[in-house]
Amino acid sequence: MSDYEKDEYLKEEYLQEAEDLLETIEQVEETLTVMSKVVGQLKEQVASHLDTDTIEMSAEEFLEQCENLEGTWH
């Protein structure tokens with residue numbers, strides 16, 4: 001193999017490695033975007049649970065609070 005052929009081979013290898021690296025970086029970027037959205041949603045959920053005006057309860061607890069244990073509609 002001549003020096004020219006070796007240089008061309010190395011150049012192709014470096015280009016392939018650069019393309020692979022770019023693809024990996026793009027995948028990481030996409031993953032981080034998705035993770036950022038999920039973290040944002042979780043943050044909103046936690047913040048909403050800290051709101052003292054809102055009380056979460058099951059249907060049974062709600063009926064007990066309404067003193068409507070039979071669950072009849074009024």
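Everything numeric here is computed off the predicted structure, so don't read it as measured data.

1. Points about the overall build of the protein chain
Looking only at helices and strands, the protein chain features 2 helices and 0 strands. The buried share of the protein chain, reckoned over its 74 residues, is 1%. Of the accessible surface of the protein chain, which amounts to about 7,400 Å², a share of 56% is contributed by carbon and sulfur atoms.

2. Here we look at the UniProt feature "coiled-coil region" (unreviewed entry) in the protein chain
Those residues carrying the UniProt feature "coiled-coil region" (unreviewed entry) are residues 11–45 in this numbering. The span residues 11–45 is 100% helix and 0% strand, and its two end C-alpha atoms sit 51 Å from each other.

3. Section: a negative patch on the surface
Judged by side-chain charge, Glu 12, Glu 13, Glu 17, Glu 19, Asp 20, Glu 23, Glu 26, Glu 29 and Glu 30 come together as a negatively charged surface patch. Tracing the chain through its elements places Glu 19 in helix α1 (residues 3–50).

About the thresholds
Residues numbered from 1 in each chain as written. Predicted model: local features only at pLDDT ≥ 70, side-chain atom pairs only at ≥ 80, totals over all residues. Heavy atoms only, no water. Helix = DSSP H or I, 4+ residues; strand = E, 2+ residues; numbered from the N terminus. Buried < 20%, exposed > 50% of the residue type's maximum accessible area, 1.4 Å probe, protein only. Areas by Shrake-Rupley, 256 points an atom, 1.4 Å probe, with all protein chains shown as cover. UniProt positions renumbered as here; feature names shortened; annotations may be inferred. Patch = residues over 30% accessible without salt bridge, like charges linked within 9 Å, V, L, I, M, F, W, Y side chains within 5 Å. Salt bridge = Lys/Arg side-chain N within 4 Å of Asp/Glu carboxyl O. Lys, Arg positive; Asp, Glu negative; His and termini not counted. Charge placed at Lys NZ, Arg CZ, Asp CG, Glu CD.

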